[in-house]
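Listed here are the chains, written in short residue letters.
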Amino acid sequence: MVQSYLRHGPTQAFGLICSSTSNSLYDGKLAYVPALEDVLVWDMKKGQMLSMWHETGHRYEVTCMCRSPQENIFAVGYADGSVRLWNSAFISVIATFNGHQKSVTALAFDAPGARLASGSQDTDIIVWDVVAEAGLYRLRGHRNQITTVRFLSEPELPSTSTGSCSHMLLTTSKDTFMKLWDTSTQHCVQTIVAHRSEVSSLDIDPEKNFIFTGSSEGEVKVWKIDHESLSQGLVENDAGEVAKMIHPVTSLPLSSRHRVSQILFHPSQPYLAVQSHDRTIEVFRIRTEEEIRKKQARRKKRAKEKGKNKKKGEDIDDIVEDAMDVDQEINVIDLFTPYLVVRASAKVRSFDFGSKEAVSKPGVQLFVALSSNALEVYNIPPPTKSKEETPEATRMFSVDLPGHRTDVRTLCLSADDQILASASNGSLKLWNLKTTACIRTIDCGYAICSTFLPGDRHIAIGTKSGEILIYDLASSALTETVKAHGSTVWSLHVRPDEQVLVSGSADKEVKFWEFERNVSSSDEAKKSMTLNHTRTLKMSDEVLFVRYSPNGKLLAVALLDSTVKIFYQDTLKFFLSLYGHKLPVLAMDISDDSKLIVTCSADKNVKIWGLDFGDCHKSIFAHEESVMQVLFERKSHYFWTVGKDKMLKYWDGDKFENIQKLDGHHSEIWALAVSNHAKFVVTGSHDKSIRVWEKLDEPLFLEEEWERELEQIYEDGIANALNRPDISIVNTNEADAQPSGEAAAVTKQTSETLMAGERIMEALDLADAERITFQEYEGKVSQAGSLEATGMQPPPRNPILAAYDLEPEAYVLRVVEKISSAALHDALLVLPFDKVISLMRYLDLWAQKGWNISLVSRILFFFLKIHHHQIVANRVMRTALIPLRVHLRSSLRREKDAIGYNLVALQHLRRRTEAERTAQFYEEEDFDEEKVRARIAEGKKRKRVSIKT
């Protein structure tokens, strides 16, 4: 009989406030931050997480985020090159765009929010139609990773203007170039060598007049946008040169010369923020012309006073004239004055201005996402007239308690599996595993190992400095610091009878500590636990791990010389030596029946040994990198391993089979804890997240798992082969843009698009077979006599069509409609040409019946573009295309008439509403015509009055 196991699945991920893989967004109240593969929404004032944007089954990290001008819509880019549109109100994905081969690094919406531009590490820019949920075109020209993308729009266009808005696209890259693209012609109209090194950041001022670019050398350059040249396009001047649309102006001096990682203008207030240092953000205030004129007047006044004070020397008039000449022109650099420097508590990953400002406190909010897994909001005070007070940014809110600042190095569970303790360099945190809430945060040293002490009221932490720290959990207090060892304490373990704690250290000693419970006289309930050193076992090399056998008879000690020594725990006499690992054993565990010991090593192997004679039962190549932890499941010979290859694996220790592989972490896994009741397992990683993997009721069969793995490898291989740049499944003629050109089609094959194409082919096969069967039946009926025809039974319908109660053409339409709009073109590319001909017949039927005309038109035009050569060469297609043209034209004409009628009706309703509002205003004010005219005249008079103060 085939043995079945129970499957484990991910259920919780916590301990992460924000990851440093992407930028973050802030609206004045809520912060939208990346958390590995998810997006978290935090209320900064309350410090609470409101929601998590998680798509089941998607494991790739968030690499870029952008807010749409449309309410509640966000674009999120991922490391696999996909872009998802999220609705923050419903916490759901609206559309998924697949087009990039590598991670998305830049995103930008145009002014109405109808188009989205995405840039990637694959050096391509793709413009997406958000409404149609499809890729419009791919722009090629950069030679390195795209760093920023922005749509250029005309400043202050009147509402009645018919000018095209956001038809220009501005991109920067690590190849030192800044490119300006005309999206109407899909070509680059200007290429600028912006900096001598990588262009790392870019922003456009709110008035749309200047572009600010930052480089990796710490230089910020200012560029002027020539809107007149933009509106005219590529036009030659009198000298025969093409007019440039972007002109260099000046450089903005910064206090540091580090990489400019972000430049950001405040959307409504006169502030510019630049980050060119790890921990600081420079804030510049944008002065008005009036302020600059006043400053110039003061300069002139001082120049005159200096001239008066001079008895001999230059002529006074010359000095004043020089001052006037210098100060008459207003330079761009004069507009920006350094205001203050925001100093964060750790390295800054990204920042954002709050768009909706808080009314409670004057000033501007600056939100900062830190690389240390924390968030902060600073208040930038408004400028004051007094020169003595230097403005300083004050921290308003911070979110740092629900996560560690550094890697999670050790995990341990209480006896009842209710509380999880996690420790890192600097902090010890206790978590309620039911709610995943952080219930205690205690400062500690550099924690290496930890264990709950008997009674679960105290916890012991082994540190890098060689101390053992005892904490009382009820009071969150450090009760005792034991100077246990002269070097790092690598391992702690409590003896099964709960009387002794053993510690192993890099000082080549294993020490034994007895527990002493001191009851205070004032309150018997308050028991403090202390450690009393009883014995020391000196070893020949550094001790990396210690473990008691569950029966309490043996003690296993792992040494730096790659061996494991087994001793009798009572007499400490040597029993066995386990050697075979090529590199040191990092962890080990003994099964509950004390018969097996499993060891894991930096040599990527796991070895299973018998404790009777010390024989090696099996050596398994377990992970691609060092195996960091191993633990047996309670009352079984199944065990868990974690490694630096980011994988968690489940093994059968009797059959030496890998039961399950679980990937979820995005960095090496340091820590592992297994439930005392074999219900779940917890892992802690370098990515600062803690994940819980629960045992499910779903059975797992090894053969099925192997088949599923092979299928996944096969599907990924096909998709990768089709996406290779040297292989194109799109048949383009010579007139079309070649892959080497600037513009190209947006295509990317994934396993989803391949499956969608297969579903279309299956539906076409089924529908064609059904139609042929009924055509044969109708032919036989027409040939037979009337008497015979009445006795002939119609053939049975296909069970699928009968179940849905659909005709064949309706069933094919149903299958095609279920494919997402973004994946439709890629799914149609998979179809062989005979299926294309078959689908064209159904397009004719759909057009004839007026079913989903927009979809019919889209598929037809796509086929005509892709399969142009075959359709022209194939005479059979002529008979299908001529009726299709007639039916589609009539259907499109009906659609056009309906849309035109609706547009006129909507315009009429708008005019009527505006007229009613105007009439209502005059009725409320009780105005007649004479009063209205008198008031207008009075207003004009008021405008002419000049008030002098």
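Residues numbered from 1 in each chain as written. Predicted model: local features only at pLDDT ≥ 70, side-chain atom pairs only at ≥ 80, totals over all residues. Heavy atoms only, no water.

**Q** What is the right way to read the pairing of strand β43 (residues 574-579) from this model?
**A** The two faces of the sheet receive side chains in turn, since in a regular strand these alternate between them. Across five bridges, strand β42 (residues 563-568) lies against β43 in antiparallel orientation. Its bridge partner being in β43, phenylalanine 567 is matched across the sheet by phenylalanine 574. What sits between the antiparallel neighbours β42 and β43 is a turn of five residues, in which leucine 572 has the positive phi angle 60°. (Pairing = 2+ DSSP bridges. Helix = DSSP H or I, 4+ residues; strand = E, 2+ residues; numbered from the N terminus.)

**Q** Would you mind going over the side chain of lysine 607 with me for this structure?
**A** Inspection of the secondary structure puts lysine 607 in strand β46 (residues 605-610). At 5.9 Å, aspartate 603 is the nearest oppositely charged side chain to lysine 607, a buried residue that forms no salt bridge. (Buried < 20%, exposed > 50% of the residue type's maximum accessible area, 1.4 Å probe, protein only. Lys, Arg positive; Asp, Glu negative; His and termini not counted. Salt bridge = Lys/Arg side-chain N within 4 Å of Asp/Glu carboxyl O.)

**Q** Quick question: what am I supposed to make of unusual backbone geometry here?
**A** It is generally the case that most residues other than glycine have a negative phi and that most peptide bonds are trans. Here glutamate 498, not a glycine, exhibits a phi torsion of approximately 60°, which is positive. Residue class for glutamate 498 comes out partly exposed when judged on its relative accessible area of 42%. Phi at aspartate 805 takes a positive value of approximately 55°, unusual for a residue other than glycine. With respect to the element layout, aspartate 805 can be found in the loop between α8 (799-804) and α9 (808-818).

**Q** Which parts of the structure should I look at to understand the packing of helix α6 (residues 751-783) against helix α11 (residues 833-849)?
**A** Packed helices, taken two at a time, are described by their axes: the angle between them and the distance between them. Relative orientation of the contacting elements α6 and α11 amounts to 70°, with a least axis distance of 10 Å. In terms of axis orientation, α6 runs roughly perpendicular to α11. Here α6 and α11 pass one another in a crossing that is left-handed. Residues Met761, Leu764, Asp765, Ala767, Asp768 and Arg771 of α6 form the contact with α11, whose participating residues are Lys835, Ser838, Leu839, Tyr842 and Leu845. Looking at side-chain class alone, the contact of α6 with α11 contains six nonpolar, one polar and four charged residues. (Axes fitted to C-alpha atoms, helices over the stretch in contact; angles between N-to-C directions. Parallel < 35°, antiparallel > 145°, perpendicular 65-115°, else oblique. Left-handed = near helix turned anticlockwise from the far one by under 90°. Contact = heavy atoms within 4.5 Å. Nonpolar A, V, L, I, M, F, W, Y, C, P; charged D, E, K, R; others polar.)

**Q** I'm lost on the environment of serine 890 in this one. Help?
**A** On the secondary structure map, serine 890 appears in helix α14 (residues 876-925). C-alpha separation for the pair serine 890 and alanine 847, spaced 43 residues apart in sequence, amounts to 8.7 Å. Within the structure, the side chain of serine 890 is placed 2.8 Å from the backbone oxygen of histidine 887, a separation counted as a polar contact. (Polar contact = N/O pair within 3.5 Å; in protein donor to acceptor, adjacent residues only side chain to side chain.)

**Q** It is not clear to me how the packing of aromatic side chains should be interpreted in this structure. Could you clarify?
**A** The description of two aromatic rings rests on the distance between their centres and on the angle between their planes. Under the counting rule described, the total for this entry stands at 19 aromatic pairs. Centre to centre, the rings of tyrosine 32 and tryptophan 53 are 5.8 Å apart; their planes meet at 45°, and the pair counts as tilted. One end of the pair, tyrosine 32, is in strand β3 (residues 30-35); the other, tryptophan 53, is in strand β5 (residues 48-53), with 21 residues separating them in the sequence. On the numbers, 5.0 Å between centres and 70° between planes, the contact of phenylalanine 212 with phenylalanine 336 is edge-to-face. On the criterion of sequence distance, the pair formed by phenylalanine 212 in strand β19 (residues 210-215) and phenylalanine 336 in strand β25 (residues 336-343) is long-range, its members being 124 residues apart. One aromatic cluster in this structure is built from Tyr5, Tyr638, Trp640 and Tyr650. In this structure, arginine 535 is placed above the aromatic ring of phenylalanine 512, and the distance from its NZ or CZ to the ring centre is 5.0 Å. (Phe/Tyr/Trp six-rings, centres within 6.5 Å; stacked < 30°, edge-to-face > 60°. Lys NZ or Arg CZ within 6 Å of the ring centre and 35° of its normal.)

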